[in-house]
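# Secondary and tertiary structure notes
Okay, here's what each chain looks like letter by letter:
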Amino acid sequence: RREFSSKLQNERIKKNCDDEDASTEMGEGLDEWAAAKTLIKPPDQLELTEAELKEEFTRILTANNPHAPQNIVRYSFKERTYKPISYVDQMAIHFSLNGNMILKDSDEGRCQNARLSTEAGKFIAAGEEEAEETGTAEAAEAAEAEELPPPRPKERKLANQFNFIERASKTLNNPLRDRACQSEPTPCKNFSATANQWEIYDAYVEELQKMEKSKEKEKPRAHIAKKEEKRRGRKSTSLESQSDDITKVSKAAKIMERMVNQNTFDDIAQDFKYFEDASDEYRDQQGTLLPLWKFQYDKTKRLAVTAISWNPKYKDLFAVGYGSYDFMKQSQGMLLLYTMKNPSFPEYIFSSESGIMCLDIHNDHPHLVAVGFYDGNVAIYNLKKPSSQPSHKSSAKSGKHMDPVWQVSVLFLSSNLLLFMWNLLCLQNELVHTDVIKLSVEGTTMQGPEGLQLQTFGCGTSFDFHKKIDYLFLVGTEEGKIYKCSKCYSSQFLDVFEAHHMAVDAVSWNPYHMKVFISCSSDWTVKIWDHTIKTPMFIYDLNSAVGDVAWSPYSSTVFAAVTTDGKAHVFDLSVNKYEAICTQVVVAKKKNKITHIQFNPVYPVVIIGDDRGHVTCLKLSPNLRRMPKEKKGQEVKKGPEVEIAKLDKLLNLVREPAGQAGR
Amino acid sequence: MLEETLKRIQAHKGVVGTIVVNAEGIPIRTTLDNSTTVQYAGLLHQLTMKARSTVRDIDPQNDLTFLRIRSKKHEIMVAPDKEYLLIVIQNPCE
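Residues numbered from 1 in each chain as written. Chains lettered and ligands numbered in written order. Predicted model: local features only at pLDDT ≥ 70, side-chain atom pairs only at ≥ 80, totals over all residues. Heavy atoms only, no water.

This part covers the overall build of chain A. Scanning chain A from terminus to terminus reveals 10 helices and 30 strands. When contacts within chain A are restricted to residue pairs at least 6 apart in sequence, those whose partners lie at least 24 apart make up 48%. A total of about 44,200 Å² of accessible surface is found on chain A, and carbon and sulfur atoms cover 52% of it. (Helix = DSSP H or I, 4+ residues; strand = E, 2+ residues; numbered from the N terminus. Contact = heavy atoms within 4.5 Å. Areas by Shrake-Rupley, 256 points an atom, 1.4 Å probe, with all protein chains shown as cover.)

Looking now at the sheet that holds strand S20 (residues 504-509) of chain A. Residues and elements named next belong to chain A. Read from one edge of the open sheet, four strands run S20-S21-S22-S23, paired in antiparallel fashion. Strand pairing shows two members of the sheet lacking a second neighbour, S20 and strand S23 (538-541), which therefore form its edges. Averaged over neighbouring strand pairs, the angle between their axes works out to 15° when direction is ignored. The sheet contact formed by S20 and strand S21 (residues 516-521) spans five bridges and is antiparallel. Bridged to Val504 within S21 is Ser521. (Pairing = 2+ DSSP bridges. Axes fitted to C-alpha atoms, helices over the stretch in contact; angles between N-to-C directions.)

Taken together, the side chains of Val73(A), Tyr75(A), Phe77(A) and Tyr82(A) make up a nonpolar region of the molecular surface, amounting to roughly 480 Å² of accessible area. The exposed category is assigned to Tyr82(A), whose relative accessible area is 59%. (Patch = residues over 30% accessible without salt bridge, like charges linked within 9 Å, V, L, I, M, F, W, Y side chains within 5 Å. Salt bridge = Lys/Arg side-chain N within 4 Å of Asp/Glu carboxyl O. Buried < 20%, exposed > 50% of the residue type's maximum accessible area, 1.4 Å probe, protein only.)

To continue, consider the nonpolar core. Residue and element names in this part refer to chain A. Residues Phe318, Tyr322 and Met340 are the most contacted members of the largest nonpolar core, which totals 22 residues. Put simply, the parts of the chain that give this core at least two residues each are helix H9 (266-274), strand S3 (289-295), strand S4 (304-310), strand S5 (317-323), strand S6 (333-339), strand S29 (605-610) and strand S30 (615-620). Counting residues in hydrophobic clusters, the runner-up holds 21 residues, among them Cys520, Met537, Leu542 and Leu573. (Core = buried A, V, L, I, M, F, W, Y, C linked by side-chain atoms within 4.5 Å.)

In this section: the pattern of salt bridges. Residue and element names in this part refer to chain A. Per the counting criterion, the structure on display carries 12 salt bridges over all chains. A salt bridge links Lys83 to Glu79, with the nearest nitrogen and oxygen atoms 2.8 Å apart. Classification of Lys83 by relative accessible area gives partly exposed; the value is 38%. Notably, a salt bridge pairs Lys619 with Glu276, separated by 3.8 Å at the nearest N-O pair. Here Lys619, found in strand S30, pairs with Glu276, found in the loop between H9 and S3; they are 343 residues apart in sequence, far enough to count as distant. According to the relative accessible area criterion, Lys619 is buried, its value standing at 2%. Residues joined in a network through salt bridges with shared partners are Lys254, Arg258 and Glu347.

Next up on the list: the pairing of strand S2 (residues 27-30) of chain B. All names here are of chain B. Across three bridges, strand S1 (residues 15-21) lies against S2 in antiparallel orientation. Across the sheet, residue Val20 finds its bridge partner in S2, namely Arg29. Between S1 and S2, which pair antiparallel and follow one another directly, the connecting turn spans five residues, one of which, Gly25, has a positive phi of 90°.

All names here are of chain A. Across the interface, helix H8 (residues 250-264) lies against H9 with an axial gap of 4 Å and an inter-helix angle of 85°. As the angle between them shows, H8 and H9 are arranged roughly perpendicular. In contact with Gln262, Asn263 and Thr264 of H8, H9 contributes Asp266, Asp267 and Ala269. Residue classes in the contact of H8 with H9 are distributed as one nonpolar, three polar and two charged. (Parallel < 35°, antiparallel > 145°, perpendicular 65-115°, else oblique. Nonpolar A, V, L, I, M, F, W, Y, C, P; charged D, E, K, R; others polar.)

Another point: the sheet that holds S29(A). All names here are of chain A. Across the sheet, four strands lie side by side as S3-S30-S29-S28; this open sheet has antiparallel pairing. Of all the strands in the sheet, the pair left with one neighbour each is S3 and strand S28 (594-599). Neighbouring strand axes in the sheet, compared pairwise and without regard to direction, differ in orientation by 25° on average. With five bridges connecting them, S3 and S30 associate as antiparallel partners. Counted as the bridge partner of Leu290 is Lys619 from S30. Packing of H9 onto the sheet brings it into contact with S3, S29 and S30, and relative to S3 it is tilted by some 135°.

With 32 residues of chain B at the contact, the number on the chain A side is 27 residues. When chain B packs against chain A, the two sides together hide about 2,700 Å² of surface, and 65% of this comes from carbon and sulfur. Between Asp202(A) and Arg56(B) there is a salt bridge; the shortest N-O distance is 2.6 Å. Every element with two or more residues in the side of chain B that touches chain A is listed here: helix H1 (2-11), S1, helix H2 (34-58), strand S3 (67-70), strand S4 (75-80) and strand S5 (85-90) of chain B. The residue makeup of the side of chain B that touches chain A, split by class, is 16 nonpolar, five polar and 11 charged. (Buried area = accessible area lost by both parts, 1.4 Å probe.)

Another aspect to go through is the packing of H8(A) against H1(B). Running from amino to carboxyl end, H8(A) crosses H1(B) at an angle of 25°, the nearest separation of the two axes being 10 Å. Taken together, the axis directions place H8(A) and H1(B) in an arrangement best described as roughly parallel. In this structure, the crossing between H8(A) and H1(B) has a hand that is left-handed. Here H8(A) contributes Ser250(A), Ala253(A), Lys254(A), Met256(A), Glu257(A) and Val260(A) to the contact with H1(B), which in turn contributes Leu2(B), Thr5(B), Leu6(B), Arg8(B) and Ile9(B). When grouped by side-chain class, the residues that make up the contact of H8(A) with H1(B) number six nonpolar, two polar and three charged. (Left-handed = near helix turned anticlockwise from the far one by under 90°.)

Between the first and last C-alpha of H2(B) there are 36 Å, a value that for 25 residues agrees with the 36 Å anticipated at 1.5 Å per step. Looking at H2(B), one finds that the buried residues are Thr37(B), Tyr40(B), Ala41(B), Leu44(B), His45(B), Thr48(B), Ala51(B), Arg52(B), Ser53(B) and Arg56(B). (Expected span 1.5 Å × (residues − 1).)

Bringing the confidence of the model for chain A into the picture now. All names here are of chain A. With 68% of its residues at a pLDDT of 70 or more, chain A has an overall mean of 72. Taken together, the stretch residues 411-457 has pLDDT below 50 and engages in 144 contacts with residues farther than four places along the chain or on a different chain. pLDDT under 50 marks residues 657-663. Its contacts with residues more than four places away, or in other chains, come to 10 contacts. (pLDDT = per-residue confidence, 0-100.)

Below is the structure:
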């Protein structure tokens with residue numbers, strides 16, 4: 001029993017203890033059954049006496065859990081102390097296993113069955129591979145097939161709040177990118193215009209010009225190419241618009257200069273236009289010359305005015321030729337054209353190597369100026385062309401052109417030709433050459449076959465063509481004779497007048513009367529002739545060499561003469577046959593000799609040139625411009641006939657055998 | 001040629017200043033100081049346009065050739081061109 005009880009004891013102790021003793025128990029059991037062996041005492045067994053070994057101990061089997069605590073104490077809040085619990089749970093759980101069996105008839109059971117049957121149905125259709133499930137499936141199906149025919153429709157989902165999973169899904173968002181594109185803005189410009197009447201007019205005019213140009217372009221193509229080359233002066237001004245910008249202001253600048261001058265010389269301009277010397281009424285019949293402008297230019301200070309001529313078209317434009325009368329000193333020459341509108345600077349300037357002796361302007365082509373030089377050449381300057389050189393110049397081809405050209409006269413023959421005649425001073429005192437040169441306007445110079453050669457006894461210094469009778473002209477010579485010649489008679493003159501004792505400086509036909517001409521000379525006299533009578537009608541002695549004489553364009557009886565002592569004399573035969581009605585010093589310094597005088601064809605002014613290069617413009621006072629008085633009741637006839645008649649009357653008085661008019 | 005003309009004008013007696021203005025009213029050449037030039041150019045340009053418009057409205061075949069403004073102190077003269085304007089200020093000697 002001791003062994004048995006000790007076994008039980010051991011068993012209990014070892015059961016409650018850990019597994020460490022399990023092996024010892026097993027060993028002892030085996031030892032017991034094996035055979036009779038000597039008891040092996042473990043080394044740590046208690047050494048007990050016999051008495052102690054025989055002691056009996058009582059053991060009671062109770063149902064108490066030896067491991068349950070016996071003194072569990074709990075805090076009681078009511079009494080505020082720890083109190084022992086009366087009853088301690090003695091249950092000791094040896095083994096627990098969670099089962100998962102569900103009652104068939106419960107709700108959950110039925111649900112599960114239904115689910116299983118549907119799943120089984122699927123499996124049966126697929127194939128019977130899985131044995132367990134098949135079995136259950138068949139049973140389930142058989143059982144549940146009738147019971148739950150409509151399993152599918154309503155299956156409430158069991159809300160399981162503890163098993164809640166939030167599900168969300170997000171689509172892939174493409175990353176956004178900004179893309180911008182900008183085109184270049186079209187250039188904008190503000191444009192504004194007004195539609196005026198004149199804008200419309202301008203547009204029409206432009207259109208018209210374009211049409212005309214296109215027509216013109218068609219025309220030349222029809223002609224031969226040769227003619228195109230010859231055609232000159234057809235500049236298309238529209239193409240020039242792209243040239244230098246500021247030169248376009250030149251026209252405006254020109255006008256401006258004139259205006260500025262007008263301002264400066266305002267009083268003179270006013271005088272020119274409006275001033276009429278009131279004191280003339282008290283002066284009997286005397287008149288005065290009122291000085292207006294004075295034209296001078298730097299480069300002509302040393303030169304003498306050798307020729308003046310008014311432009312036939314532009315009444316304020318006049319040409320002045322500069323040279324020298326001093327045969328020892330000959331320098332360069334100049335041709336200047338001034339306008340009364342701009343007294344401070346000439347409009348056109350031409351310079352030449354040789355001094356100019358004479359000039360003339362073509363009547364129909366007022367842009368052509370013919371000039372005779374001291375060295376015997378003749379040149380034509382074209383004012384329309386900007387160059388400062390003459391457009392045509394005669395060259396010393398033959399020995400004829402060796403001497404100074406004293407006078408140039410331009411005649412209009414036909415629309416294309418210019419006729420030149422000039423008069424040469426021959427040093428040898430023998431011949432007077434009068435060459436006729438035909439010059440076409442287009443430009444080719446041809447020497448005319450006609451050469452007039454006059455055998456005279458003197459050298460020509462001046463000549464004048466008759467205004468009406470083309471072929472008739474007068475030649476004044478150095479010796480004082482005046483020859484009446486005709487172009488038709490190339491070798492002989494018609495008549496000769498023993499005019500003066502010294503060189504004849506100027507001859508001039510009367511603009512109205514057919515027969516009358518005037519001559520002046522360095523022998524101090526001015527004589528008026530009738531070309532049919534050998535002796536002069538009137539003779540005037542002016543006390544000084546007379547440089548020039550000119551008829552007035554408005555009256556047949558008025559003429560002016562200038563002398564080298566600086567005086568200008570104006571005569572009116574209808575007023576005073578014997579004396580000048582005006583004698584006036586017109587140049588500043590005494591040593592200034594006046595060389596030329598010209599009447600303006602329109603305005604009551606004269607221009608006077610002197611040998612210092614100055615040109616002075618003077619206004620004629622009313623007395624000098626007297627028109628025939630109106631007789632009461634009679635009409636005043638105006639016109640050339642009146643003038644002629646007037647002069648005729650005077651001449652008749654003189655033509656009496658009483659002879660020459662007195663001084 | 002033009003340069004000489006302008007020089008002569010400027011050197012003339014009594015001329016205070018000369019201005020050349022282009023079609024847009026901008027001064028191109030001047031002999032006066034900047035502020036005065038700009039002022040003159042702007043004002044006179046407008047006035048010239050107006051004057052020209054007036055003349056042409058009355059008769060489209062006509063055109064303005066010259067404009068003169070006489071004031072107490074001096075005289076302003078404007079010569080218009082197709083693309084340019086020439087302005088001269090002068091003290092008339094009185």
